[in-house]
Amino acid sequence: MKLVDVHCHLNHELFKEDIDTILGRARKSGVKAILISGVNPEANKQVLSFVEKDHSLLKASLGIYPIDALGIQPDGVGLPSHKGPIDLETEFSFLEKNNTKFIAIGEVGMDFHWASKEETYERQAENFRKIIRFAIKLKKPLVIHSRKAEEECVQILSEEIKEQEIPVVNHCFSGGKEVIRKAAALGHYFSIPPNIVKASNFQTLVKMVDIHQLLTETDSPWLSPIKEQKNEPAFVMKSIEKIAEIKQISIEAAASQIWKNYQKVFGTS
Ligand SMILES: [Zn+2]
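Residues numbered from 1 in each chain as written. Predicted model: local features only at pLDDT ≥ 70, side-chain atom pairs only at ≥ 80, totals over all residues. Heavy atoms only, no water.

Asker: Lay out the layout of surface pockets with the relevant residues and their values.
Answerer: In this approach, a probe sized like a water molecule rolls over the atoms, and the result shows the empty space that is left. If you add up the space inside the second largest pocket, you get close to 260 Å³. What lines the second largest pocket is a set of 15 residues, among which Gln164, Ile166, Pro167, Leu186 and Gly187 lie closest to the centre. Elements with a contribution of two residues or more to the lining of the second largest pocket: helix H6 (150-160) and helix H10 (251-266). When the residues that make up the lining of the second largest pocket are grouped by side-chain class, the tally is eight nonpolar, six polar and one charged. (1 Å grid on protein atoms, 1.4 Å probe; cavity = no way out; pocket = protein on both sides within 12 Å on 5 of 7 lines; lining within 4 Å. Points joined across faces, edges and corners; volume = space filled by probe spheres on them. Helix = DSSP H or I, 4+ residues; strand = E, 2+ residues; numbered from the N terminus. Nonpolar A, V, L, I, M, F, W, Y, C, P; charged D, E, K, R; others polar.)

Asker: An account of the coordination of the zinc ion is needed here, citing residue identities and associated values.
Answerer: The zinc ion binds to the protein through His7 (NE2), His9 (NE2), Glu107 (OE) and Asp219 (OD); the donor distances cover 2.1 to 2.3 Å. If you look at the zinc ion, its four donor atoms make angles of 83 to 172 degrees with each other, and the shape they trace is irregular. Look at where the donors of the zinc ion fall in the sequence and you get H-x1-H-x97-E-x111-D. Pair noted here: His9 is in the loop between strand E1 (3-8) and helix H1 (19-28) and Asp219 is in the loop between strand E8 (214-216) and helix H9 (236-247), with a separation of 210 residues, a long-range link. Neither residue differs from the other here; His9 and Asp219 are each classed as buried. (Donors = N, O, S within 2.8 Å, 3.2 Å for Na, K, Ca; no water. Tetrahedral: all angles 85-135°; square planar, octahedral: opposite > 155°, others 65-115°. Buried < 20%, exposed > 50% of the residue type's maximum accessible area, 1.4 Å probe, protein only.)

Structure representation (structure tokens):
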């Protein structure tokens, strides 16, 4: 069985001590690809050097987190931080120079949890549109963060991306049924974290969306399905098991379809 974690943060300081154990457990569980997401210029550089550890298993997804872009610091995240607002053009030229070293742009999007919609919608939307256009130029898939901004993100993506010219992956998507339907109709993918075992919104999402549009992720170290233990890539198996149960297919069939989806979206073999 081949498993994939399309979104996590193994460069987080919580993994400093036990990264080899964590990677060992992932390999043992059948995880064949792990995408590590950057959130700002400093984190993107760190991700690029981190994936050097094992190029066949680890892949880079480089991004500009909407909150970091504004120069707001989320509390004690444990990832490299950036001082002040991010200059998008400078980061775009860095990404262009390193074009062959990463397979997706993300995480990017909008967030009205850490920043109020009233005060930041215009700036966040403008940044997001620029980033989407840049991803189209580079022909890279997008990995979207849309906390408390699901409708707004789907709307902007629908305006900016024509004819599904690049794939869109909604990571940890928490939108309601109507916006799930809209995103699915646009051909978006959804990556499902292991806490689907207890989170009914992800169960509903999996019921509603065709398996050809599903992927698996962990968002490690966050969103652990197990209390008192940080999340890790090996736990994508829990997502697969729950998807198989909901879709009433075998675990092998679920894993195999999701692996195919991964290859299709990220152009990997
Ligand atoms: Zn994340």
